[in-house]
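One-letter residues, chain by chain:
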Amino acid sequence: MCAVIDNNVLHESFGAKMTPAGRGFREWLDRQGSLVVGGKLREELDQSRDFKNWRGQATLAGLVRRVDDDAVSRREAELRAGADLKSNDAHVIALAQLGGARLLFSNDTALHQDFKNGVLIDDGKVYSTLKGSDFRDSHRRLLRRRMCPRRTGGG
Amino acid sequence: MRFRTLGAADMQAMQEMWVENYRCFRERQTARLAPLTLLVGDNSTGKTSFLAMARALHDVQSLGQLPDFKDEPYDLGSFDEIAHHRSGVAGRASTFAGGLQAGRKRAGYDTSSFDMVFQRDGPSPSPQRIRLASGSTWLSWHFDAAELRAGIGEKQWTSSTSSPRHLANDFDRDDRRLRLGWWLVSDILWRDDLTWKPARNADAPPSTSELARLRIAAAQLRPITAGHSGRPFAAAPVRTKPRRTYDPSSYGRDAEGTYVPMLLADLSARAPERWGSLRGALAKFGSESGLFDEINVKALGKRETEPFQLQVRKYSGRTKGPWRNLIDVGYGVSQALPILTELFRDDSPSMFLLQQPEVHLHPSAQAALGTLFCQIAAGGTQLLVETHSDHLMDRIRMDVRDGTTKLKPGDVSILYFERRNLDVRIHSIEVDAMGNIVGAPEGYRRFFMEEVERSLR
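Residues numbered from 1 in each chain as written. Chains lettered and ligands numbered in written order. Predicted model: local features only at pLDDT ≥ 70, side-chain atom pairs only at ≥ 80, totals over all residues.

Novice: I would appreciate a short explanation of the overall build of chain B in the present structure.
Specialist: A tally of helices and strands in chain B yields 10 helices and 21 strands. In chain B, the proportion of contacts linking residues at least 24 apart, taken out of those at least 6 apart, comes to 62%. (Helix = DSSP H or I, 4+ residues; strand = E, 2+ residues; numbered from the N terminus. Contact = placed C-beta atoms within 7 Å.)

Novice: How do you make sense of the sheet that holds strand S13 (residues 308-313) of chain B when you look at a structure like this?
Specialist: Within a sheet, neighbouring strands are paired by backbone hydrogen bonds and run either parallel or antiparallel to one another. Residue and element names in this part refer to chain B. Within the open sheet, the three strands sit side by side as S12-S13-S16. Their pairing is antiparallel. With partners counted over all chains shown, the strands left at the sheet margins are strand S12 (294-299) and strand S16 (324-325), one partner each. Inspection of the sheet shows S12 paired to S13 by six bridges, in the antiparallel sense. Residue pairing in the sheet places Ala299 in a bridge with Phe308 of S13. (Pairing = 2+ DSSP bridges.)

Novice: Can you help me understand unusual backbone geometry in this one?
Specialist: Leaving glycine aside, a negative phi is the common case for residues, and trans is the common case for peptide bonds. All names here are of chain B. In this chain, Glu72 is followed by Pro73 through a cis amide linkage whose omega measures 5°. With respect to the secondary-structure elements, Pro73 resides in the loop between helix H1 (47-63) and helix H2 (79-82). Even without being glycine, Arg23 reaches a positive phi, approximately 50°. For Arg23, the position within the fold is in the loop between strand S1 (14-20) and strand S2 (29-32). Not every positive phi belongs to a glycine, and Gln356 is a case in point at roughly 40°. Looking at where Gln356 falls in the secondary structure, it is placed in the loop between strand S17 (351-355) and helix H8 (363-378). Take Gln356: there are 20 C-beta atoms within 10 Å of it, and that puts it in the buried class. (Buried ≥ 20, exposed ≤ 12 C-beta atoms within 10 Å, placed from the backbone.)

Novice: For this particular structure, what's the right way to read the interface of chain B and chain A?
Specialist: On the chain A side, the residues contacting the 19 residues of chain B number 18 residues. Elements with a minimum of two residues in the side of chain B that touches chain A: helix H9 (390-402), strand S21 (437-438) and helix H10 (442-454) of chain B. Per-element tally for the side of chain B that touches chain A: the top contributor is H10(B), with seven residues. Among the residues making up the side of chain B that touches chain A, the classes are represented as 10 nonpolar, three polar and six charged. (Nonpolar A, V, L, I, M, F, W, Y, C, P; charged D, E, K, R; others polar.)

Novice: Would you mind going over the confidence of the model for chain B with me for this structure?
Specialist: Any residue range with low pLDDT should be treated as having predicted coordinates unsuitable for detailed reading. Residues and elements named next belong to chain B. Averaged over every residue, the pLDDT of chain B is 88; the share at 70 or more is 90%. Model confidence for chain B, summarised as mean pLDDT per element, is weakest for helix H3 (residues 181-189) at 78 and strongest for S2 at 98. Contacts from residues 1-11, a stretch scored under 50 in pLDDT, to residues over four places away or in other chains number 21 contacts. Listed scores for the predicted complex are pTM 0.90 and ipTM 0.84. (pLDDT = per-residue confidence, 0-100.)

Novice: Explain the pairing of strand S19 (residues 412-420) of chain B here, please?
Specialist: Within a regular strand, the side chains alternate between the two sheet faces. All names here are of chain B. Sheet analysis places strand S3 (residues 36-41) next to S19, joined by six bridges and oriented parallel. Opposite Leu38, over in S19, you have Ile414 as the bridge partner. Inspection of the sheet shows S19 paired to strand S20 (residues 423-431) by eight bridges, in the antiparallel sense. By the bridge assignment for S20, Leu415 is matched with Ser428. Between S19 and S20, which follow one another and run antiparallel, lie two residues, and Asn421 among them has a positive phi close to 55°.

Novice: Quick question: what am I supposed to make of the pairing of strand S8 (residues 147-152) of chain B here?
Specialist: Residues and elements named next belong to chain B. Alignment of strand S7 (residues 137-142) against S8, held across six bridges, turns out to be antiparallel. Each residue of the ladder has a partner; that of Thr137, found in S8, is Ile152. Where S8 meets strand S9 (residues 155-160), six bridges bridge the pair, whose relative direction is antiparallel. Paired with Ala150 across the strands is Trp157, a residue of S9.

Novice: Is there a simple way to explain the packing of helix H5 (residues 69-82) of chain A against helix H6 (residues 90-99) of chain A in this structure?
Specialist: All names here are of chain A. Interhelical geometry of H5 versus H6 gives an angle of 120° and a closest axis separation of 8 Å. It follows that H5 is oblique to H6 by the angle criterion. Once H5 is placed against H6, the crossing between them reads as right-handed. Mapping the contact onto sequence places Ala71, Val72, Arg75, Glu76, Leu79 and Arg80 in H5 and Ala90, His91, Ile93, Ala94, Leu95, Gln97 and Leu98 in H6. (Axes fitted to C-alpha atoms, helices over the stretch in contact; angles between N-to-C directions. Parallel < 35°, antiparallel > 145°, perpendicular 65-115°, else oblique. Left-handed = near helix turned anticlockwise from the far one by under 90°.)

Novice: Could you clarify how one ought to interpret the confidence of the model for chain A in this entry?
Specialist: Here chain A shows a mean pLDDT of 92. Residues at 70 or above account for 93%. Below pLDDT 50 for its whole length, residues 151-155 of chain A participates in eight contacts with residues either more than four positions away or in separate chains.

Novice: It is not clear to me how the sheet that holds S17(B) should be interpreted in this structure. Could you clarify?
Specialist: If you walk across this open sheet you meet the seven strands as S11-S17-S18-S3-S19-S20-S21 (chain B), and the pairing is mixed. Of all the strands in the sheet, just strand S11 (233-234) and S21 of chain B have a single pairing partner and so form its edges.

Novice: Please explain the environment of B:Phe79 as it appears in this structure.
Specialist: All names here are of chain B. On the secondary structure map, Phe79 appears in helix H2. Accessibility expressed as a C-beta count within 10 Å gives 22 for Phe79, which makes it buried. Taking the C-alpha atoms as reference points, Phe79 and Phe69, separated by 10 residues in sequence, lie 9.1 Å from one another. With near-sequence residues (within four places) excluded, Phe79 lies in contact with Arg120, Pro123, Ser124 and Pro125.

Okay, structure coming up:
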């Protein structure tokens, strides 16, 4: 499964103040998920020492799929020029498109709209704690879905 | 069909290896080998056994030698310790096998393969069958039946010969003059007394053209790892302890690198150019890894027969520190020295089987070793490295990602050895151009993430 995590919820899954839903997402990542990182979002997420430390080990473990920063920037520019975006997070959509992510963890409602726009992300799903940070069945159901396209050799 | 042709530029490296009913491997386990292959997994999951089989197959196919499964650093014991033991009524396997595929796949050329089945002969393993193949053409020698079998496509034949003693099942394992592998099959194929019979999908002995094709195949199947000079260097997981003073003696390669101080002393006294080159390479790595900046052989007398010491020193900027005896610096230096020396010497073999080369090294030196392995493998030497070092693996991954090595993503293979009940499975994992680990099974993720998960509790 492939996911993207937004900077606005990073503290819910990484650090000393994890929320139940954030912890659920993180445990899913550690056990069976994959996180796509690259471009500007990677730089933002790497500001968190907890995340950066995790990313190092998770990359070695095959949990993190790094996408070329330049490719993300180019795609972002294309999106800004031609796509109907509700959010100002073209870099997140660009990353999800290039990395094949279909699950977004974010509390940005404008970005939610973009991620659910089938023209931008095919069958995109959103994991959010806007309605509460407890780990609900709706969260669990999302983490049971296959969100990452298969590629040669798995992943 | 075109057969492989051998040339200096066409380096023959092992591309794939498989084992079956061997040690902890019950089902056939096939592993992708690359110029740089990393073997990872928990303790006692067969990584060292895998290296032992790699050397055994190399010994037979490239050198024609009967493999010695007790030869250091891989003392696997007798047949009973080597053949897989199945639980319950299945008991111990009656045979075990290994095989390899070598050569570069190029358009229009067939990949060559070699495999061997071993059976019990008293307490020791003895060859039961060897088989060579190129594309759809193959030849196999069956020791018990003293029979050569051959096939081209669907057609198969058998042939018998007035079997000399050493070709039958009373094969004399102590006779080191005998050459197995290609030499044996090729020798039999050219015998005048060979009597062919049709077997599967053939109604007559091989025609003149078919026999010629088999002989051409045999000729061109000549040691499929022939590009590899000599026996692979197989390092022990723990290298020899340093000594304050060494007495000159004769030397030959051994797994613990006991000979290395004498080799260095010999080169420094008799071959200054070679010593200068080796010394420079050692110092370069020493500097990059933070271990030392210079290495020296200090003679304690004027004659070569007198004792000597090994010394290293570090620099601080332009200031050179004092020479210190090898025994007075961190253990990591003496543990790494045998492997570094073998990697850098000008007559080094072109295949290395290394067990935990990182022992006693600081994480930054472990990482530097990763960069060195990339450089060595990019130069045409095949490395199979059993490691428990995240730092070493991570450096290799990053060097490939950042293009600081000539190694391409496909030139690195990670083999993850995963225990499942009483058996072990081998997973071949790749590194892509972004340094991502591709194809990691769940067990591999757990292997690296358990401590991280624990920190969440």
